[in-house]
Amino acid sequence: MKKVLFLLIGLTFMSSCSNSNSNNFSVSGTVDGIKVGKIYLQRLQDSILIDVDSALFNGNSNYTLMTDLDQTEIMYLHLDVKDGTEFNDKLLFFAEDTTMTINSSWDKFVKDAVISGSKNQDVYTVYKQNSDRLNKVYTDLVKRSLSLTDETRTLAISDSINTAYDKYLRKKVLYAINYAQLHKEKEVAPYILVSEAGEANPILLDSVYQKMPKKIQTTVYGKQLSELIKSYKSNL
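Residues numbered from 1 in each chain as written. Predicted model: local features only at pLDDT ≥ 70, side-chain atom pairs only at ≥ 80, totals over all residues. Heavy atoms only, no water.

### Some remarks on the sheet that holds strand β3 (residues 48-58)
Thinking step 1. Spatially, four strands are ordered β3-β2-β5-β6 in an open sheet, and the strand pairing comes out antiparallel. Strands at the two margins of the open sheet, each flanked by one partner only, are β3 and β6 (90-95). Between one strand and the next, the sheet's axes are offset by a mean angle of 25°, whatever the strand orientation.
Thinking step 2. The pairing of strand β2 (residues 36-45) with strand β5 (residues 73-80) spans six bridges and is antiparallel. What sits directly across from Y40, in β5, is H78. (Pairing = 2+ DSSP bridges. Helix = DSSP H or I, 4+ residues; strand = E, 2+ residues; numbered from the N terminus. Axes fitted to C-alpha atoms, helices over the stretch in contact; angles between N-to-C directions.)

Encoded structure:
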């Protein structure tokens, strides 16, 4: 009887260990041109990026990284090739409970990245392509403002730049709201509103939030959006 009991306890312990170490998410790919370096899979935990897996490059260019994933979330690939561009080598992507592929090059790791296997990432990629075109307007306005001197910075020019900025901000926020509403059944929708439309009227944000399915409202980004709306409304 004791032998059977010990066996059952042992099997239960092994099963619990197996479940706690299960890796239901993996990302693999190729980094063209890399010779020596290291790639890290990172996630945000308490507003801090932590490494959850890593792989070494030493004459090879392929990698596979794994971790556990409770729900769809933003993760990062950080490529460390000791080239002094640590920030630029950090790639944001939407991880899902599946197998993903991310291929890129070592010298243009973020720009050349081709990501597949995540439906949320597909939606986010299209959003970023369009929002980047809008953000070029902001970049041009900043360059124009910085190029002005005390002599050339007249009231009329300053008003013109401010008006153009307000127009850009309205377009940026409205695009984020409309895009999130269009894809309200995806986890990426509340993330876009929290990260890109924080300046929006809370009534507009709430109208999109209320149309989201419960399963999206209860995700980590859905909860963040709910808290953002509550904080705005409390300050009205």
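### Details of the side chain of D80
Thinking step 1. Following the sequence through the fold, D80 ends up in strand β5.
Thinking step 2. Overall, the relative accessible area of 17% leaves D80 in the buried class.
Thinking step 3. Discounting residues that sit within four places of it in the chain, D80 has contacts with G37, K38 and Y40. (Buried < 20%, exposed > 50% of the residue type's maximum accessible area, 1.4 Å probe, protein only. Contact = heavy atoms within 4.5 Å.)

### Let's talk about helix α7 (residues 220-234)
Thinking step 1. The first and last C-alpha atoms of α7 sit 21 Å apart over 15 residues, in line with the 21 Å expected at 1.5 Å per residue.
Thinking step 2. Here α7 has its buried residues at Y221, G222, L225, S226, L228 and I229. Along α7, the residues classed as buried sweep out an arc of 160° about the axis, all on the same side. Across α7 from its buried face, at more than 90 degrees, point the exposed residues K223, K230 and S234. (Expected span 1.5 Å × (residues − 1). Arc of directions from axis to C-beta.)

### Points about the sheet that holds strand β1 (residues 25-32)
Thinking step 1. Here four strands make up an open sheet; going across it, the order is β4-β1-β7-β8 and the pairing mixed. Lying at the two open borders of the sheet, with one neighbouring strand each, are β4 (62-67) and β8 (114-116). For this sheet, the mean angle separating the axes of adjacent strands, direction not counted, is 15°.

### Some thoughts on the environment of I177
Thinking step 1. Structurally, I177 can be placed in helix α3 (residues 155-182).
Thinking step 2. By relative accessible area, which is 6% here, I177 ends up buried.
Thinking step 3. Sequence spacing of I177 and L193 is 16 residues, and the spatial spacing of their C-alpha atoms is 6.5 Å.
Thinking step 4. Residue contacts for I177: discarding those within four places in its chain leaves L193, A197, A200, L204 and V208.

### Describing the packing of aromatic side chains
Thinking step 1. By the definition in use, this model includes 14 aromatic pairs.
Thinking step 2. Their ring planes at 55° and their centres at 6.0 Å tell us that Y138 and Y165 sit as a pair that is tilted. Residue Y138 is found in helix α2 (residues 119-147), and its partner Y165 is found in helix α3; the two are separated by 27 residues along the sequence.
Thinking step 3. Here Y138 falls in the partly exposed class, since its relative accessible area comes to 38%.
Thinking step 4. For Y165, a relative accessible area of 34% gives the class partly exposed. (Phe/Tyr/Trp six-rings, centres within 6.5 Å; stacked < 30°, edge-to-face > 60°.)

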